[in-house]
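Examining the three-dimensional arrangement
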Amino acid sequence: MKNRLIQLIGIVLLSVSAFGGDDTLYTLIELKKSQEILINDIKSKNLLEKQSKVDEEKAQLKEDIKTLNKQLDNLQVKFEKIATGIDTSTIQINPIQENSDLMDDLQLLIKPLIYGAKEATVGMRKKAQLQEEANYYKMMLPKAVSAYENIKKVSENGKDSVIQKDIEELKNHWKQQVLLFSSHLNASLYQLDTLEKSDLSFGESLKQSSKTFFRERGRYLLEGLIAFLVVIAILEFIYLLFIKLFPSTVQSNRNFYIRFGGLLYKIIMSLFAIMAPMGVFYYEEDWVLFSIGLLLIFGIAWTFRHLMPKFWQQTRLLLNIGSVRENERIYYLDLPWRVQNINIFTILDNPDSGVKLRLPIEDLVGLTSRPSSKYEPWFPCRINDWVILSNEYYGKVVGVSLEFIELVDIGGGHRTFLISDFLSLSPLNLSTDFRIVNTIGISYRHQKESTNVILQTLEKFILEKIEEENYTKGFKSLVVQFKEAGDSSLNIAIIGSFSGEMAPLYFRLKRAINRWCVDACTQNNWEIPFPQLTIHQAIE
């Protein structure tokens, strides 16, 4: 410390041999000398104030006395700190206030937390304050020394001058200032060195703080956590037992009062769970943890204040009186859904596709459901249904999800479509019964029989073939009718209806009907014409 002080001052004008050690006794003696200097200055200022008759001068002297008294108090505090080794300013009588307002009560609640935070950072804050003071006196002391040197030179050169008395007073003043700055700097450096020696490393400090925390409050925290879990477990057990005894209380068609009772029970359970650890902290009289709990509760309440409109909408949904209601139809993600159950996580399902969706209740806010009739479709197909698309792709549905649908054709090839692409191809579901419509044309030379005999003969022939080739199981009906008189043929429509179980044979049946029509024409010598182009020559 001596070397640092000598390098800073640069020149020792006073008897600075006292700066040679870190001795506590000498530091106290030096502070005492500084106090005596300030006391003498205060006395002299007081005397001048009494003798002065100018108001402005009196005001200035009062301000100077006030500043000197502050410096004297500061020196006294440092003197006591160094002499006792503790911060005596914290040891004081704090009388209990009988009357207090709401703000005082709030401050009283959070005071233990503030006190704990101040205690945790007292070393760091004290070190920063002492470092700041030392830096200030390091900056001021050389200036004071320079001023003393300059005034000393002026005093030596003007011993016989009329201003000699004023110069001597000014020299004594700056001599005192040098001594004061030196005392302050020495005291600050001494306290800083003492604090640094007593400081622990970060690891050791963290370890010690952790031990102190768990030794003092770890048990209370554990008790609070156990109380929280016990309350949750007991109330949840009561809830489950009630559900077991009265299962109708969780059915989707439960009325408003049952829903309201369930919601109220959840709110009470949450309040009891929060109050349990707070009660433990209050019983154990750990006001720091109690204050932290209160701040957390106030913070959560303040945050929820802005979310109340949204929570109100969600509460209405939970009570089944909102814009979305159970067992109604809702359109979401380009698909119709049935609202199966409204809860914290709502279950939506599509009855035909078998797809289910778990949706957070906040995502239902802003949506609207409506009652659904039995005639409204949910999805064009189900698993294992056979469908034919507008692009002529034909396959069996083997997988349906919210994103994709997978089909497999007769040959075993799999094809996957996005749900939106699949629906845009207007799938025809063959598994719900289907019909095949074919047209065959015969020559105009059979015009006489085309609307009666040929129709009956062709129908009888096809029915015999259906029975012969064992297609009767899924066969429903056959209609053979005259369709139209075409440009080069008389067209006959053959309409065969089959049940959904014949869907895998759709194209086979279509080809078979075409084949049977040709066989009937061959067997009965009906001519099948081909399109002809007739050229008419104009007569001149």
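It should be noted that the structure appears before, not after, this text.
Below, the structure is looked at part by part. Here the structure is a predicted model, which is why all the values come from computation and not from measurement. Positions within a chain are numbered from 1, following the residues in the order the chain's sequence is written. The predicted origin of the model limits local features to residues at a pLDDT of at least 70 and limits the giving and counting of side-chain atom pairs to 80 or more, whereas totals for whole chains, interfaces and linings rest on all residues. Calculated side-chain values reflect all of the structure's heavy atoms, with hydrogen atoms and water omitted.

Describing the overall build of the protein
We count a stretch as a helix when DSSP gives it H or I for four or more residues in a row; a strand needs E for two or more, and each element gets its number in order from the N terminus. The secondary structure content of the protein amounts to 12 helices and 12 strands. Expressed as a percentage of its 540 residues, the buried residues of the protein come to 34%. Residue contacts are counted whenever heavy atoms from the two residues lie within 4.5 Å of one another. Counted over contacts in the protein with a minimum sequence separation of 6, partners at least 24 positions apart contribute 63%. Here the protein has roughly 34,800 Å² of accessible surface; of this, 57% comes from carbon and sulfur atoms. Three exposure classes are used, based on accessible area relative to the maximum for each residue type with a 1.4 Å probe and protein chains only: buried under 20%, partly exposed in between, and exposed over 50%. Where accessible areas are quoted, they stem from the Shrake-Rupley method and a 1.4 Å probe; at the residue level, only the protein chains shown are allowed to cover.

Looking at the packing of helix 7 (residues 256–284) against helix 8 (residues 287–305)
Angles here are taken between N-to-C directions and fall from 0 to 180 degrees, while the axes themselves are lines fitted to C-alpha atoms, restricted in helices to the stretch in contact. Running from N to C, helix 7 and helix 8 point in directions that differ by 155 degrees, and their axes come no closer than 8 Å. Classed by the angle they form, the pair helix 7 and helix 8 counts as roughly antiparallel. When the axes of helix 7 and helix 8 are compared, the crossing they make is left-handed. Each of Ile274, Met278, Phe281 and Tyr282 in helix 7 lies in contact with helix 8, whose residues at this interface are Trp287, Leu289, Phe290, Gly293, Leu294 and Ile297. Gly falls in the polar group here, along with every residue not listed as nonpolar (Ala, Val, Leu, Ile, Met, Phe, Trp, Tyr, Cys, Pro) or charged (Asp, Glu, Lys, Arg). Broken down by class, the residue content of the contact of helix 7 with helix 8 amounts to nine nonpolar, one polar and no charged. Working rule for angles: under 35 degrees goes down as roughly parallel, over 145 as roughly antiparallel, 65 to 115 as roughly perpendicular, anything else as oblique. Helix crossings are classified by the rotation of the near helix relative to the far one: an anticlockwise turn of less than a right angle makes the crossing left-handed, while a clockwise turn makes it right-handed.

Some points on the packing of aromatic side chains
Two aromatic rings from Phe, Tyr or Trp, using only the six-membered ring of Trp, form a pair when their centres are within 6.5 Å; if the ring planes differ by under 30 degrees the pair is stacked, by over 60 it is edge-to-face, and anything between is tilted. Overall, the coordinates contain 14 aromatic pairs when judged by the stated rule. For the pair phenylalanine 434 and tyrosine 506, a centre-to-centre distance of 5.5 Å together with 65 degrees between the ring planes defines the contact as edge-to-face. With phenylalanine 434 in strand 10 (residues 434–442) and tyrosine 506 in helix 12 (residues 506–523), the pair connects residues that are 72 residues apart, well separated along the chain. Tyrosine 506 matches phenylalanine 434 in its accessibility class, with the two residues each being buried. Members of the aromatic cluster, each reached through a chain of ring pairs, are Trp386, Tyr394, Phe434, Phe475, Phe498, Tyr506 and Phe507.

Examining the pairing of strand 1 (residues 329–332)
Paired strands, in this sense, are two strands between which DSSP finds at least two bridges. As judged from the four bridges shared by strand 1 and strand 2 (residues 335–341), these two strands associate in the antiparallel manner. Along strand 2, the bridge assignment pairs tyrosine 332 with leucine 335. Where strand 1 folds back onto strand 2 in an antiparallel hairpin, the turn is made up of two residues, including leucine 333, whose phi is positive at roughly 55 degrees.

Details of the side chain of serine 450
In this structure, serine 450 sits in the loop between strand 10 and helix 11 (453–468). Exposure remark for serine 450: the relative accessible area of 2% places this residue in the buried category. Polar contacts here mean pairs of N or O atoms no more than 3.5 Å apart (in protein, one a potential hydrogen donor and the other a potential acceptor; neighbouring residues in sequence count only if both atoms are side-chain atoms). Separated by 2.8 Å, the side chain of serine 450 and the backbone oxygen of glutamine 447 make a polar contact. In contact with serine 450, other than residues within four places in its own chain, are Ile442, Leu455, Phe482, Leu490 and Ile492.

A short note on unusual backbone geometry
Even without being a glycine, asparagine 320 presents a positive backbone phi close to 60 degrees. Position of asparagine 320 among the secondary structure elements: in the loop between helix 9 (308–318) and strand 1. Among the residues examined, asparagine 320 registers a relative accessible area of 18% and is labelled buried. The phi dihedral of asparagine 525 is positive, around 60 degrees, even though this residue is not glycine. By secondary structure assignment, the location of asparagine 525 is in the segment after helix 12.

Overview of the pattern of salt bridges
We count a salt bridge whenever a side-chain nitrogen from Lys or Arg sits within 4 Å of a carboxyl oxygen from Asp or Glu. According to the stated counting rule, one finds nine salt bridges in the structure shown. Note that aspartate 352 is salt-bridged to arginine 382, the shortest N-O span being 2.9 Å. On the criterion of sequence distance, the pair formed by aspartate 352 in the loop between strand 3 (345–349) and strand 4 (356–360) and arginine 382 in the loop between strand 4 and strand 5 (386–388) is long-range, its members being 30 residues apart. Classification of aspartate 352 as buried rests on a relative accessible area of 17%. We classify arginine 382 as partly exposed; its relative accessible area is 46%. A salt bridge links glutamate 527 to arginine 445; its shortest N-O distance comes to 2.8 Å. With glutamate 527 in the segment after helix 12 and arginine 445 in the loop between strand 10 and helix 11, the pair connects residues that are 82 residues apart, well separated along the chain. With relative accessibility at 35%, the residue glutamate 527 sits in the partly exposed group. In this structure arginine 445 comes out as exposed when scored by relative accessible area, which is 55%.

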